[in-house]
Amino acid sequence: MSSTQSPPAPAPVLGPRLIRAEIFVVMSVSLGASALVAFVRLIGALTAPKELKSQQAVLVGSMAPGRPWLDLTLQLVQIAIAVAPVALVAYLLVRSGESLRTIGTDLREPRRDLLRGALLAAAIGGSGLAFYLAVWASGVNLTVVPGALPEVWWQVPVLLLAAAQNGVLEEVLVAGYLLHRLGQAGWAPWKAVAVSSLLRGSYHLYQGFGGFVGNVVMGVVFGRLYQRWGRAMPLVVAHTLIDSVAFVGYAFLRGRVSWLP
């Protein structure tokens, strides 16, 4: 019996057709499915007897009112399920001879990633709040309620985990993975960014037209920065910071300031 081992199989070559199929599968079980649900929810809001601004879009709400331990368990389970597609993307990248490091989702440049992310969050977060208040006043957006959890000890930790889940899921899939694969398929950079941005806006349609437009603009900025930096990690940091401030800030300011819907 020969002890000679067979050489490792070569990594599969991804052509444009296989890339399109892979993207379709990934998005069908993640943010693409969320976009479809968001579209249906927008139709429901538009056909409701109330005007849009009189309706609420709750981002992180209680799943078991009056039962805090069950609520906490469901919140953690929901976060784990929501971020699971990132593992699928990691697996598919490894199958093609790459890794999450290929799209810059790693800890090689912590200081630079944190600095870039913080600066980006400050720029996007402030302008995003002003835009939301304007579109809400115009009546084309629902009232967005970032957090509606009971005031218990785990309220803030869960809000922070939810913010991190959004940052990791969206930036790994919609910025890093999608733009990387579209580039491999030969798409022009701006065409790829346009698709990525429209997808980002579409799964925010449940918030109204303002949520769609605001996230499309954010997608253009984030997409171009990913193409320039080749790293998704600063975008993960920025998105996590933006949502953390929104979720926790709303929890503390709700009912205490007059300008917040």
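Everything here concerns the structure above.
Along every chain, residues carry numbers that run from 1 in the direction the sequence is written. Totals for whole chains, interfaces and linings use every residue, but because this is a predicted model, local features are given only for residues with pLDDT of at least 70 and side-chain atom pairs only at 80 or more, for both listing and counting. Only hydrogens and water are set aside when side-chain values are computed; all heavy atoms of the structure are taken into account.

A look at the environment of Gln 56
Then, in step 1: Tracing the sequence through the fold places Gln 56 in strand S1 (residues 56-61).
Then, in step 2: The exposure class of Gln 56 is exposed, given its relative accessible area of 55%.
Then, in step 3: For Gln 56 and Ala 232, which are 176 residues apart along the polypeptide, the C-alpha to C-alpha distance reads 31 Å.
Then, in step 4: Here a residue-residue contact requires only that any non-hydrogen atoms of the pair lie within 4.5 Å. In this structure, Gln 56 is in contact with Leu 142, Thr 143 and Val 145, ignoring residues within four places of it in sequence. The helix count covers DSSP runs of H or I at least four residues long, the strand count covers runs of E at least two residues long, and both are numbered beginning at the N terminus. The rule is simple: take the accessible area with a 1.4 Å probe, protein chains only, and divide by the maximum for that residue type; under 20% is buried, over 50% is exposed, in between is partly exposed.

Looking at the pairing of strand S2 (residues 143-148)
Then, in step 1: Counting buried positions along S2 gives 5 out of 6 residues, so the element sits mostly inside the fold.
Then, in step 2: Only strands that DSSP links by at least two bridges are regarded as paired with each other. One ladder, built from 5 bridges, connects S1 with S2; its direction is parallel. Bridging from a neighbouring strand, Ala 57 pairs with Val 144 of S2.

Concerning the pattern of salt bridges
Then, in step 1: The salt bridge criterion pairs a side-chain nitrogen of Lys or Arg with a carboxyl oxygen of Asp or Glu, the two atoms within 4 Å. Scanning all chains against the criterion turns up 9 salt bridges.
Then, in step 2: Of the charged contacts in the structure, one is a salt bridge between Arg 112 and Glu 109, with a shortest N-O distance of 3.8 Å.
Then, in step 3: For Arg 112, a relative accessible area of 47% gives the class partly exposed.
Then, in step 4: Between Glu 109 and Arg 231 there is a salt bridge, with the nearest N and O atoms lying 3.9 Å from each other.

A short note on the packing of helix H5 (residues 155-184) against helix H6 (residues 189-202)
Angle between the axes and distance between the axes: these two values describe a pair of packed helices.
Then, in step 1: Axis geometry follows a simple rule: fit a line to the C-alpha atoms, using only the stretch in contact for helices, then measure angles between N-to-C directions, giving values from 0 to 180 degrees. For the pair H5 and H6, the least separation of the axes is 9 Å and the interaxial angle reads 155°. Compared by their axis directions, H5 and H6 come out roughly antiparallel. Two packed elements cross with a definite hand, and for H5 against H6 that hand is right-handed. Contacts from Glu 170, Glu 171, Val 174, Ala 175, Leu 178, Leu 179 and Leu 182 in H5 reach Ala 192, Val 193, Val 195, Ser 196, Leu 199 and Arg 200 in H6.
Then, in step 2: Residue composition of the contact of H5 with H6, grouped by class: 9 nonpolar, 1 polar and 3 charged. The labels follow the angle: roughly parallel below 35 degrees, roughly antiparallel above 145, roughly perpendicular from 65 to 115, and oblique for the rest. When the near helix sits turned anticlockwise from the far one by under a right angle, the crossing is termed left-handed; a clockwise turn instead gives a right-handed crossing. As a working rule, the residues Ala, Val, Leu, Ile, Met, Phe, Trp, Tyr, Cys and Pro are called nonpolar, Asp, Glu, Lys and Arg charged, and the rest polar, with Gly in that last group.

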